[in-house]
Each structure stands twice: as structure tokens, then as C-alpha cells.
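Analysis of the macromolecular model
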Amino acid sequence: MPEPRSTDQRIADTLAKLRSEVDLWIPSASAAGEAYLIPLSFVWYNDQITLATTAASRTARNLQRAGKARLALGQVRDVIIVEGPLTFVPASAVAADLADAFAAAAGFDPRHSDAEYVYISLTPRRMQAWREENELAGREIMRAGQWLA
């Protein structure tokens, strides 16, 4: 098993993954507590994770009610967990630079869909990153929106 990465290295690896990956897992729950989990495309832009889904989707409704989320990016043995508050912007009102960045990263442009889409941005407040059991200690790399380096 490789030696545990330093916090600085974990932050660098996390930022590289946020800039290069396309999909993540986002859970939500209904008002009755029914769990729901789906993969969505995202873009890391202006220090936020932005994804898009149809405005009427179960995920959009659940996340809007919660106002915050905890999502996962990566494989089981190289995972990033991100938590933070959410903001919602209809596709018709999204800033062009953000929508263009999302379209380039995700490979599709919700602004051109027949369905009504909403952009959901998560502002990271807490991040964790680890690969193996020996990285569980020190897995927190962001707290209260500040990198821990």
C-alpha cells in the first residue's frame, strides 16, 4: 500500500479531479425520507460544483427542499466527498459563461433542451479525500469553506 498523501497533495489531486471529471453521484431524499441516488454531469467553475437536471425531477425537488447536499466523486478507493449549500438558477436565467462551461464539460447544453432545466451549484464548505484505509486519518481537506493546507 502506498504511503498516505499529504494534505497538500490531496488538495492538488482533488482539484485535478474536479477539473477533469465529468460525472458525480448525488443523493437526495424525499420529505418522507425515501433515499434517491443518481449520477449527474458537472463542471467545476468559480470554485463551485455546478450540475443541471430537469426542474421537475425528483432530484431537483428534493435538493431544493434540503438546500444543501453531500455528493461523491471518484472511485471507492479514490473518493472525494463534498458538502455545502446549494443555489438554483433556471436555464433561462443562468449566466452565459457558466452555461458555456457546463456545456463544454458535460457534452450537452441544457439551454437547448425541450425540457425545463435548472442549474444547481454547490459551494463547498467541507471536503474529504482518501484512497485507502491509511488515508482515513487526515481525510478532511476543507473545513468551513477553507482548504486545510
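Computed from a predicted structure; not experimentally measured.

**Some points on the nonpolar core**
Residues Leu18, Leu24, Ile26, Phe42 and Ile49 are the most contacted members of the largest nonpolar core, which totals 26 residues. With 4 residues, strand 2 (residues 35-45) is the single largest residue contributor to this core. Judged by nonpolar contacts, the second largest core, of 11 residues, contains Val94, Ala101, Ala106 and Tyr119.

**Focus: helix 2 (residues 58-66)**
For helix 2, the set of buried residues is Thr59, Ala60, Asn62 and Leu63. End-on view of helix 2: buried residues confined to an arc of 170 degrees, all on one side of the axis. Elements that come into contact with the buried residues of helix 2 comprise strand 1 (23-29), strand 2, strand 3 (48-54), strand 4 (68-75), strand 5 (78-90) and strand 6 (117-122). Looking at the residues trailing helix 2, positive phi occurs at Gly67, about 75 degrees.

**Describing the side chain of Ser57**
Among the structural elements, Ser57 can be located in the loop between strand 3 and helix 2. Assessed through its relative accessible area of 14%, Ser57 is described here as buried. A polar side-chain atom of Ser57 sits 3.4 Å from a polar atom in the side chain of Thr53.

**Structural notes on helix 1 (residues 7-20)**
Taking 1.5 Å of rise per residue, 14 residues should cover 20 Å, and helix 1 covers 20 Å from first to last C-alpha, within 8% of that figure. Within helix 1, the full set of buried residues consists of Arg10, Ile11, Thr14, Leu15, Lys17 and Leu18. When helix 1 is viewed along its axis, its buried side chains cluster within an angular range of 160 degrees and face the same direction. Projecting away from the buried face of helix 1 at angles above 90 degrees are the exposed residues Asp8, Arg19 and Ser20.

Parameters at a glance
Residues numbered from 1 in each chain as written. Predicted model: local features only at pLDDT ≥ 70, side-chain atom pairs only at ≥ 80, totals over all residues. Heavy atoms only, no water. Core = buried A, V, L, I, M, F, W, Y, C linked by side-chain atoms within 4.5 Å. Buried < 20%, exposed > 50% of the residue type's maximum accessible area, 1.4 Å probe, protein only. Helix = DSSP H or I, 4+ residues; strand = E, 2+ residues; numbered from the N terminus. Arc of directions from axis to C-beta. Contact = heavy atoms within 4.5 Å. Polar contact = N/O pair within 3.5 Å; in protein donor to acceptor, adjacent residues only side chain to side chain. Expected span 1.5 Å × (residues − 1).

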